[in-house]
Amino acid sequence: DQQVKQNSPSLSVQEGRISILNCDYTNSMFDYFLWYKKYPAEGPTFLISISSIKDKNEDGRFTVFLNKSAKHLSLHIVPSQPGDSAVYFCAASNEETSGSRLTFGEGTQLTVNP
Amino acid sequence: DVKVTQSSRYLVKRTGEKVFLECVQDMDHENMFWYRQDPGLGLRLIYFSYDVKMKEKGDIPEGYSVSREKKERFSLILESASTNQTSMYLCASRTSGRGPTPLHFGNGTRLTVT
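In this text the structure is predicted, and so the values were computed from the model without any measurement.

### Focus on the overall build of chain A
Right, on to step 1. Along its length, chain A carries 0 helices and 11 strands.
Right, on to step 2. Its helices and strands taken in sequence order, chain A reads β-β-β-β-β-β-β-β-β-β-β from the N to the C terminus.
Right, on to step 3. The principal-axis extents of the C-alpha atoms in chain A amount to approximately 45 × 30 × 20 Å.
Right, on to step 4. Burial status across chain A gives 46% buried among its 114 residues.

### Focus on the interface of chain A and chain B
Right, on to step 1. The interface of chain A with chain B comprises 18 residues on the first partner and 25 residues on the second.
Right, on to step 2. For the pair chain A and chain B, the summed buried area comes to about 1,700 Å², and 56% of that belongs to carbon and sulfur atoms.
Right, on to step 3. With a closest N to O distance of 2.8 Å, Arg101(A) and Asp59(B) form a salt bridge.
Right, on to step 4. Applying the counting rule to chain A against chain B returns 6 residue pairs in polar contact (both at pLDDT 80 or more).

### Here we look at the nonpolar core
Right, on to step 1. In this structure, Phe33(A), Trp35(A), Leu73(A), Leu75(A) and Tyr88(A) are the most contacted members of the largest nonpolar core, which totals 23 residues.
Right, on to step 2. Only strand S3 (19-25), strand S4 (32-38), strand S5 (45-51), strand S7 (62-67), strand S8 (72-77), strand S9 (86-93) and strand S11 (108-113) of chain A provide two or more residues apiece to this core.
Right, on to step 3. Looking at this core element by element, the count peaks at 4 residues for S9(A).
Right, on to step 4. The next biggest cluster of nonpolar side chains, apart from the first, holds 20 residues, and it includes Met32(B), Trp34(B), Leu76(B) and Cys91(B).

### Some remarks on the pairing of strand S10 (residues 87-94) of chain B
Residues and elements named next belong to chain B.
Right, on to step 1. Within S10, 8 of the 8 residues are buried, leaving the element largely enclosed by the surrounding structure.
Right, on to step 2. The alternating pattern of S10 places Ser87, Tyr89, Cys91 and Ser93 on one face and Met88, Leu90, Ala92 and Arg94 on the opposite face, and all of these are buried.
Right, on to step 3. Pairing geometry for strand S5 (residues 31-38) and S10, over 7 bridges, is antiparallel. Note on S10: the bridge partner recorded for glutamine 37 is methionine 88.
Right, on to step 4. Direction of pairing for S10 relative to strand S12 (residues 109-113): antiparallel, over a ladder of 3 bridges. Within the sheet, the bridge partner assigned to serine 87 lies in S12 and is leucine 111.

### Here we look at the pattern of salt bridges
Close approach of charged atoms allows side chains with opposite charge to pair.
All names here are of chain B.
Right, on to step 1. Per the stated rule, a full pass over the model turns up 9 salt bridges over all chains.
Right, on to step 2. Put simply, lysine 53 and glutamate 69 hold a salt bridge, and the shortest N to O gap is 2.4 Å. Here the residue lysine 53 occupies a position in the loop between strand S6 (42-49) and strand S7 (56-57), and glutamate 69 occupies one in strand S8 (residues 64-70), the gap between them amounting to 16 residues.
Right, on to step 3. Residue classification places glutamate 69 among the exposed residues on the basis of a relative accessible area of 52%.
Right, on to step 4. Residues joined by salt bridges that share partners form a network here, namely Arg36, Asp38 and Arg44.

### Quick word on the state of the cysteines
Where two cysteines share a covalent bond between their sulfur atoms, that bond is called a disulfide.
Right, on to step 1. The final tally for this structure, using the stated rule, is 2 disulfides over all chains.
Right, on to step 2. Across the disulfide from Cys23(A) sits Cys90(A); the S-S distance is 1.9 Å. One disulfide, between Cys23(A) and Cys90(A), carries an S-S torsion of 60 degrees and so falls in the right-handed class. Note that Cys23(A) is positioned in strand S3 and Cys90(A) in strand S9, a separation of 67 residues in sequence.
Right, on to step 3. Among the residues examined, Cys90(A) registers a relative accessible area of 0% and is labelled buried.
Right, on to step 4. One disulfide bridge connects Cys23(B) with Cys91(B), the sulfur atoms lying 1.9 Å from each other.

Calculation criteria
- Residues numbered from 1 in each chain as written.
- Chains lettered and ligands numbered in written order.
- Predicted model: local features only at pLDDT ≥ 70, side-chain atom pairs only at ≥ 80, totals over all residues.
- Heavy atoms only, no water.
- Helix = DSSP H or I, 4+ residues; strand = E, 2+ residues; numbered from the N terminus.
- Buried < 20%, exposed > 50% of the residue type's maximum accessible area, 1.4 Å probe, protein only.
- Contact = heavy atoms within 4.5 Å.
- Buried area = accessible area lost by both parts, 1.4 Å probe.
- Salt bridge = Lys/Arg side-chain N within 4 Å of Asp/Glu carboxyl O.
- Polar contact = N/O pair within 3.5 Å; in protein donor to acceptor, adjacent residues only side chain to side chain.
- Core = buried A, V, L, I, M, F, W, Y, C linked by side-chain atoms within 4.5 Å.
- Pairing = 2+ DSSP bridges.
- Disulfide = S-S within 2.5 Å.

Spelled out as structure tokens, the structure:
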């Protein structure tokens, strides 16, 4: 079963506008959430994370929001830049029981048009 | 900066061959992981290891094995390569303890089995 789902395979936005990427999860035991960015022919790079004790974490142009009751998290990028064009993966883990393993979503291809 | 190095960027192997994918990390991380990335399926965990000579099955271990003889090195072995193992293989490492921490990925090995 897919415990972490990204329902939008792709998203296209104009440069300077906001990009919102969404992620849903089913396992209520998840307590740590992350976003990764991946360019073609490179490994994913860590972007931002959030613990379940928070509902928002901000780092520069990137903000992650967590809604535990809805089991939903989102990544906001503002303003979007052409260099942000990449595949974005959300991931989750339960730090108590699953040790160090992360469960990933399917990914969303973001294209930022100049 | 953490460096995770995968020995090959591209590999082409024939069906039935035994294939070794090597991964080395330089940050003394306890935990190491092998994922494969396929379009529309995201990153799926094959195997992981939380210590030397220790290994745990991930979500899709069939057809694979692993070896961790030294802390810095984690090898993925395809005992008899098949065409459905054509994929991008990603190695990652992570420290344990001191709260949740992100995975650090290598640049990946694109394996084609013909």
